[in-house]
Structure formats: structure tokens, C-alpha cells
Amino acid sequence: MAEPNSIIAFYDERVLSHQPDGEASFLPGRMDRRIRQRLSSLNVPWKYPEHAGRLTAIRHLLEIEPVAGLIFEGGKAATREQLARVHTSSYLSHIFELCGKNAWLDVDTTAVSPGSIEAAEVAAGTAVTAVEAVLNSRCESAFALVRPPGHHAEPARARGFCLLNNVAVAATYAQAEWGCQRVMIVDWDAHHGNGTQDIFYADPSVLFFDIHRASPFYPGTGRLEETGAGLGEGTTVNVPLPAGAGYQAYLKAFNEILVPAADWFEPELLLVSAGFDPHPFDLAMNVSFEGFAAMAGILQQVARRHCLGRLVFVLEGGYHLLSLSRGVKTVLDVLAGGSVSPPGSAGMDEVKAAAEFHLPAFATEAPCPTTQHTPNTDAPDTQ
């Protein structure tokens, strides 16, 4: 059993080589023409939102504000066998044919550059490495700082900036190579993890809990009634929320739905698809940094109760660099043993102290004014 609050962040610079460019010469054909038409219809220049600066911003903040006890380690590329547990062989063959090329993979959001396929392999493999670290008790919790994200990637299709489903590859690795019989995946990204849901929808050995902004917000899936199929009926739990929902709704869902679900399922490993786009800076929801900290604290308690503390975060979305980097650091602080303040309590102690300072003055009679203000009759008439 690992030491409490021991934590490793896994990061590999090869994930920075995924750099789609809307101005690049993509593969010829109908797809390229449709993309060009869509981009030309925008009123402002379009840049690929999922870019390498997301991770460099996180690393920069962690360099200037280190998390006590946090250790950094490198990642590795996933093997073809590990990827094939969640993706079809035909899809993987198609993806690997795109090595060294520029291409669009859907009409909305997903493109690759010459370094993208290696970056995606390393992202999935780094999630695997993080799981390995907690299962062999080198640390209690781990955070895989990876890109491109993965939770929209389906068994046979790339979607939503995602090429390979990192958290699903990590979950099936834990099952196939470590014998974990029950894995729980929590997805708190603002967007529904449609790919992860598809992969495990009929699998009773994986409990998938997803709290997200409701349809028609992208990708439009994750309805309340989507609860799994066949033997997996009941092991998919969706909590769709309206735009602007804040930390109170998230914490209520965690305490009143997620925790009972985990107590029923009794997972041996807890994985988190951690997107930071629910922060108001990303305009998707209204979850504060204190809200992220509180959610991380609840998950840490769940992991300690059921999984010997084994908890792995895998980075998903979050596109405002300040809220993304600060959100990641907030979670790392909690996992490393930092205190969790109740969300919404920031400044409460200061207000209490100010009230104690000021209120005694209001218990006495108000001072009588010695002079009264009279209008200046000499002022020029502006009527």
C-alpha cells in the first residue's frame, strides 16, 4: 500500500508534437473542401483550440508554484495490443497510416499533423504508466498530463480533438495486465465522454459516471436514460446539467449519486477523466477552483475506502490557459495532502473578522452632524 498523499505527475514532451494547423495543406478531397468552407464562414480567424500551450502553461505554473511532494516522471507510448483492447484493428490501421501527414478526421474538430499519431500513442501510454504506478504502490495517486485528450474517441472513430481513448486504454490495461475486476471511471469534463461510454456501455466490470453539460451541447450524448446495455445495464451513470450549473450541483451529484454508486460497485481502481472546462473562464459551466478541489477530495476519500487509495487523473479538456493550469494545480494540491476548504468559503473568515471590527461602532448612536450641507446657490444655472 502506497504512502498517503504520495503523488506522481507523468509528462512526456512528445505529446507537444500534436500541432494541427488550420492553414496547413490537408489531404485533398471532399472533407478538405468542406472544412475550408466552414472555416471561411467564420467572422474571425480560427485556430485549433487544443494546442501544445495547454500543457506548457500547466508546467510553467507548477515550476513557479511547486506542489510539495509532487514528483515528475516521463511517459511512454502505448503498445498496439493495449490500444486494440478499445479500438478496432481497422481504425488503428487507418490512424497509423496518417503518421507524418496532415489530415482532417471529421468535419468539426479533429485533425492531425505530422507528429500527432506519435503524440496520441504517448498520451495513451502515459495514462497506462500512471495506472501502473498506483497499482504497484509507487504512489497513492497519479496525474497523467497528456494530450491530445481521449474521452470522445470511439472504438472506430476520432471525435472532438480525440484520437485514442486514453482513459479507456488505461482501464483495460489495469484489467488485462493487473487483474482488476472492477474499475470506476469518473468524467467531470464539461463535455460528455461519448467515446468512453460507447466502449464500456455493455461491460459490467466498468462503472462509468459522467457529469456534463446537457445536450445540445457537444457531443449531444449522455442523456439521463443512457444507463448501459445487456450485462452492463446500470453501470453507466449520466448526470446532465444545464449551462451555468455550479459547484453546488456538482457536489450534490457527487455526494448523493457518485458516492452511493461507488459504495455499491466497490471498485478496485478509480480513474478520472479530468477536464477543466467546467470553470467559468471556459464559459461552459460555473465550477470554481474550490469546487474542483472539493470534487478531488471526495474522489480521494472514495479511493481510500474502496481502492487502497489508488486514484489516477487523466487530463481531458480545458482551453482557457489560466483556469486549466490553476485547476490542475488545485487538484494536485489536494492529492498531495493539502486542505480542502468548503467551496464558496473563500473570504468568509476575513468578512467575519471585519464584521467583528466594525459592528461595535454601529451599536452606539450615530454621531450628530455638526454641519449641514446646503446647496450652492451660486452655481451657474445649466437649465
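Residues numbered from 1 in each chain as written. Predicted model: local features only at pLDDT ≥ 70, side-chain atom pairs only at ≥ 80, totals over all residues. Heavy atoms only, no water.

Student: Is there a simple way to explain the packing of aromatic side chains in this structure?
Tutor: We describe a pair of aromatic rings using the distance from one ring centre to the other and the angle between the two ring planes. Applying the stated rule across the entire model yields eight aromatic pairs. Ring centres of Phe-161 and Tyr-319 lie 5.7 Å apart, and the angle between their planes is 65°; this geometry places the pair in the edge-to-face category. In this pair, Phe-161 sits in the loop between β5 (141–144) and α6 (166–178) while Tyr-319 sits in the loop between β10 (311–315) and α10 (321–335), placing the two residues 158 residues apart along the sequence. What makes Tyr-319 partly exposed here is its relative accessible area of 23%. Through a chain of ring-to-ring contacts, three or more aromatic side chains come together here, namely Phe-143, Trp-188, Phe-276, Phe-292 and Phe-313. (Phe/Tyr/Trp six-rings, centres within 6.5 Å; stacked < 30°, edge-to-face > 60°. Helix = DSSP H or I, 4+ residues; strand = E, 2+ residues; numbered from the N terminus. Buried < 20%, exposed > 50% of the residue type's maximum accessible area, 1.4 Å probe, protein only.)

Student: Would you mind going over the side chain of Thr-196 with me for this structure?
Tutor: In this fold, Thr-196 is placed in helix α7 (residues 194–200). Once residues within four sequence positions are removed from consideration, Thr-196 is found in contact with His-151, Ala-153, Asn-165, Val-167, Ile-185 and Phe-208. (Contact = heavy atoms within 4.5 Å.)

Student: So what exactly am I meant to see when it comes to the pattern of salt bridges here?
Tutor: For side chains of opposite charge, pairing can occur when their charged atoms come near one another. A complete count under the given rule lists 16 salt bridges for this structure. For the salt bridge of Glu-50 with Arg-147, the shortest nitrogen-to-oxygen distance reads 2.8 Å. Of this pair, Glu-50 sits in the loop between α1 (30–40) and α2 (53–64) while Arg-147 sits in the loop between β5 and α6; the two residues are 97 residues apart in sequence, bridging distant segments of the chain. For the pair formed by Glu-50 and Arg-147, the shared burial category is buried. Salt-bridge contacts for Lys-329 lead to Asp-333; the nearest nitrogen and oxygen are separated by 2.9 Å. Placement of the pair is Lys-329 and Asp-333 together in helix α10, with a separation of four residues, close to one helical turn. With relative accessibility at 9%, the residue Lys-329 sits in the buried group. Through salt bridges that share partners, Glu-50, Arg-54 and Arg-147 make up one connected network. (Salt bridge = Lys/Arg side-chain N within 4 Å of Asp/Glu carboxyl O.)

Student: Quick question: what am I supposed to make of the layout of surface pockets here?
Tutor: If you roll a probe as big as a water molecule over the atoms, it shows you where there is empty space left. The computed volume of the largest pocket comes to approximately 310 Å³. As for the largest pocket, its lining consists of 18 residues, of which Thr-109, Phe-161, His-191, Tyr-218 and Tyr-319 are closest to the centre. Of the pockets and cavities examined, the second largest pocket occupies roughly 210 Å³. Mapped by element, the contributors of at least two residues to the lining of the second largest pocket are α9 (289–306) and α10. Among the elements that line the lining of the second largest pocket, the one with the most residues is α10, at five residues. Split into classes, the residues belonging to the lining of the second largest pocket amount to four nonpolar, four polar and four charged. (1 Å grid on protein atoms, 1.4 Å probe; cavity = no way out; pocket = protein on both sides within 12 Å on 5 of 7 lines; lining within 4 Å. Points joined across faces, edges and corners; volume = space filled by probe spheres on them. Nonpolar A, V, L, I, M, F, W, Y, C, P; charged D, E, K, R; others polar.)

Student: So what exactly am I meant to see when it comes to the state of the cysteines here?
Tutor: Should the sulfur atoms of two cysteines be covalently bonded, the bond is a disulfide. The full count for this structure, using the stated rule, is zero disulfides. With no disulfide of its own, Cys-307 lies 8.8 Å from the sulfur of Cys-180, the closest cysteine sulfur. (Disulfide = S-S within 2.5 Å.)

Student: Help me understand the packing of helix α8 (residues 247–265) against α9, please; the structure alone is not making it clear to me.
Tutor: Think of two packed helices as two axes; the pair is described by the angle between the axes and how far apart they sit. Contact geometry of α8 with α9 gives a least axis separation of 10 Å together with a crossing angle of 10°. By the angle class used here, α8 and α9 are roughly parallel. Taken together, the residues of α9 that come into contact with α8 (itself represented by Tyr-247, Tyr-250, Leu-251, Phe-254, Asn-255, Leu-258, Val-259, Ala-262 and Asp-263) are Gly-291, Ala-294, Met-295, Ile-298, Leu-299, Val-302, Arg-305 and His-306. Here the residues of the contact of α8 with α9 are counted per class, giving 12 nonpolar, three polar and two charged. (Axes fitted to C-alpha atoms, helices over the stretch in contact; angles between N-to-C directions. Parallel < 35°, antiparallel > 145°, perpendicular 65-115°, else oblique.)

Student: Please clarify how the pairing of strand β6 (residues 183–187) should be interpreted in this entry.
Tutor: For a regular strand, the rule is simple: side chains alternate between the two faces of the sheet. Most of β6 sits inside the fold, with five of its five residues counted as buried. Here β6 shows two buried faces, one formed by Val-183, Ile-185 and Asp-187 and the other by Met-184 and Val-186. In the sheet, β6 pairs with strand β7 (residues 206–213) via five bridges, with the strands oriented parallel. Looking at β7, one finds that Met-184 is bridged to Leu-207. (Pairing = 2+ DSSP bridges.)

Student: Please clarify how the packing of helix α5 (residues 116–135) against α6 should be interpreted in this entry.
Tutor: Put simply, α5 and α6 touch, their axes get as near as 8 Å, and they point 45° apart. Accordingly, the angle class assigned to the pair α5 and α6 is oblique. When you trace α5 past α6, the crossing you get is right-handed. Across from Ala-120, Ala-123, Ala-124, Ala-127, Val-128, Val-131, Glu-132 and Leu-135 in α5, the residues of α6 making contact are Asn-166, Val-169, Ala-170, Tyr-173, Ala-174 and Trp-178. Among the residues making up the contact of α5 with α6, the classes are represented as 12 nonpolar, one polar and one charged. (Left-handed = near helix turned anticlockwise from the far one by under 90°.)

Student: Just checking my understanding: could you explain the sheet that holds β6 for this structure?
Tutor: Two pairing modes exist for strands in a sheet, parallel and antiparallel, and in both the strands are linked by backbone hydrogen bonds. Spatially, eight strands are ordered β2-β1-β5-β10-β9-β6-β7-β8 in an open sheet, and the strand pairing comes out parallel. Edge positions in the open sheet fall to β2 (70–73) and β8 (236–241), since each of these has one partner strand only. The sheet shows a mean angle of 15° between the axes of neighbouring strands, direction not considered. Pairing of strand β1 (residues 7–10) with β2, which is carried by four bridges, proceeds in the parallel orientation. Bridge pairing in β2 places Ile-7 opposite Leu-70. Where α6 meets the sheet, it contacts β6, β7, β9 (269–274) and β10, and its direction lies at approximately 170° from that of β9. Lying over the sheet, α9 contacts β6, β9 and β10, oriented at roughly 140° with respect to β10.

These figures come from the coordinates and say nothing about function on their own.
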